[in-house]
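Chain and residue survey
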Amino acid sequence: MNVTIFSSEHELNEAAAQLIAGLVIAKPDAVLGLATGSTPIGIYRELRRAYERNIVSFRRVRTFNLDEYVGLGENHPQSYRHYMNEHLFRHVDVPPENIHIPDGTAADLAEECRRYDRLLDQAGPIDLQLLGIGHNGHIGFNEPNGELASRTHVTELNAQTRNANARFFQTMDEVPTHAITMGVGDILKAKTVVLVAKGADKADILCRALTGPITTDCPASLLQTHPHLIVLADAEAGRLLR
Ligand code: PGA
């Protein structure tokens with residue numbers, strides 16, 4: 001495990017974007033595993049800048065997003081498809097057919113999960129998986145549980161996750177109750193995992209995930225078993241790791 005703590009969020013964003021852009025420059029058809037949430041927004045901003053400066057092209061990259069809310073389609077402003085379009089995809093040259101995000105509006109969600117896994121198996125393994133961490137230790141939407149699913153599946157969001165995400169919705173009732181998420185096995189299969197944490201509210205869970213017991217009660221703790229885990233934290237999130 002390689003942990004770097006940055007004194008500013010800007011430096012962290014630049015370092016993460018450099019990791020991703022560096023991979024794509026070295027391997028133009030890289031498979032990227034992408035995340036949503038507040039954490040990667042600044043990283044995507046830096047990637048857009050690198051693209052605008054002709055430092056990197058995403059023309060041959062293939063992308064797989066971790067998760068999507070059940071019931072929210074591309075036009076819903078809180079869908080992860082919408083998020084990715086706004087923060088990255090519509091600003092760079094990645095071809096639409098190379099972009100993969102689970103379809104939370106699929107009529108048959110179980111079949112949608114199987115379809116996603118087939119696509120992952122065909123394209124994979126993922127070269128670099130970008131990850132945030134939930135306050136409860138979730139990765140993707142793999143919530144703390146007695147057992148964790150290996151592959152893409154429909155999951156019920158727990159109260160803590162729904163509360164954390166309520167800030168993006170008008171009312172609590174609008175916060176989706178379910179999501180499709182890649183499984184922990186799908187995530188751990190990536191050649192490199194880049195875990196990013198920002199802010200004082202992530203310090204406890206980041207420390208628990210990286211230095212505590214490996215347990216399904218903290219899905220991110222399973223990352224300790226990954227042979228190539230890179231952790232990028234700002235000073236607040238990394239406070240307890242010093
Ligand atoms: P955040 O979410 O980036 O909005 O903090 C992280 C996560 O829940 O994985």
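Residues numbered from 1 in each chain as written. Predicted model: local features only at pLDDT ≥ 70, side-chain atom pairs only at ≥ 80, totals over all residues. Heavy atoms only, no water.

It is worth spelling out the packing of helix H1 (residues 9-26) against helix H2 (residues 41-52) at this point. Two elements in contact, H1 and H2, have axes whose closest approach is 8 Å; the angle formed by their N-to-C orientations is 55 degrees. The pairing of H1 with H2 is recorded here as oblique in orientation. Two packed elements cross with a definite hand, and for H1 against H2 that hand is right-handed. The residues of H2 that touch H1, namely those facing His10, Asn13, Glu14, Ala16, Ala17, Ile20 and Ala21, are Gly42, Ile43, Glu46, Leu47 and Arg49. Looking at the contact of H1 with H2, its residues break down into six nonpolar, three polar and three charged. (Axes fitted to C-alpha atoms, helices over the stretch in contact; angles between N-to-C directions. Helix = DSSP H or I, 4+ residues; strand = E, 2+ residues; numbered from the N terminus. Parallel < 35°, antiparallel > 145°, perpendicular 65-115°, else oblique. Left-handed = near helix turned anticlockwise from the far one by under 90°. Contact = heavy atoms within 4.5 Å. Nonpolar A, V, L, I, M, F, W, Y, C, P; charged D, E, K, R; others polar.)

It is worth spelling out the nonpolar core at this point. Tyr44, Leu47, Phe58, Met84, Leu88, Phe89 and Leu232 are the most contacted members of the largest nonpolar core, which has 30 residues in total. Non-local contacts of Leu47, meaning those with residues more than four positions away in its chain, are made with Ala17, Ile20, Ala21, Phe58 and Leu88. Counting residues in each nonpolar core, the second largest holds 28 residues, with Ile133, Ile139, Ala190 and Ala209 among its members. (Core = buried A, V, L, I, M, F, W, Y, C linked by side-chain atoms within 4.5 Å. Buried < 20%, exposed > 50% of the residue type's maximum accessible area, 1.4 Å probe, protein only.)

Residue placement: Ile55 occurs in the loop between H2 and strand E3 (62-65). Along the primary structure Ile55 and Glu174 are separated by 119 residues, whereas in three dimensions their C-alpha atoms are 40 Å apart. Leaving out residues up to four positions away in the same chain, Ile55 has contacts with Ile25 and Ala50.

This part covers unusual backbone geometry. Of note, the bond from Gly124 into Pro125 is cis; its omega dihedral lies within 30 degrees of zero at 0 degrees. Tracing the sequence through the fold places Pro125 in the loop between helix H4 (109-123) and strand E6 (128-131). The phi torsion at Asn54 lies on the positive side, around 60 degrees, for a residue other than glycine. The residue Asn54 is located in the loop between H2 and E3 in this model. Overall, Asn54 belongs to the exposed group, its relative accessible area being 71%.

Turning our eyes to something else, we now look at the site of the ligand. In the vicinity of the ligand, the residues found are Gly37, Ser38, Thr39, Gly132, Ile133, Gly134, His138, Arg167 and Lys202. Between an oxygen atom of the ligand and a side-chain N or O atom of Lys202, the distance comes to 2.6 Å. Surface burial for the ligand is 83%, taken as the share of its 280 Å² of free accessible area covered by protein chains. (Near = heavy atom within 4 Å. Polar contact = N/O pair within 3.5 Å; in protein donor to acceptor, adjacent residues only side chain to side chain. Areas by Shrake-Rupley, 256 points an atom, 1.4 Å probe, with all protein chains shown as cover.)

Our next topic: the packing of H2 against helix H3 (residues 80-87). Axis separation between H2 and H3 bottoms out at 10 Å; the angle between their running directions is 40 degrees. Between H2 and H3, the interaxial angle falls into the category oblique. Here Ile41, Tyr44 and Arg48 of H2 lie close against H3, whose contacting residues are Tyr83, Met84, Glu86 and His87.

It is worth spelling out the packing of aromatic side chains at this point. How two aromatic rings sit relative to each other is set out by the distance from centre to centre and by the angle between their planes. Within the structure shown, the criterion is met by seven aromatic pairs. Summarising the aromatic geometry, the rings of Tyr44 and Tyr83 are spaced 6.4 Å apart at their centres and angled 80 degrees between planes, so their arrangement reads as edge-to-face. Highlighted residues: Tyr44 in helix H2 and Tyr83 in helix H3, separated in sequence by 39 residues. Grouping residues by exposure puts Tyr44 and Tyr83 together as buried. When the ring of Tyr80 is compared with that of Phe141, the centres are 6.1 Å apart and the planes differ by 15 degrees; the resulting orientation is stacked. (Phe/Tyr/Trp six-rings, centres within 6.5 Å; stacked < 30°, edge-to-face > 60°.)

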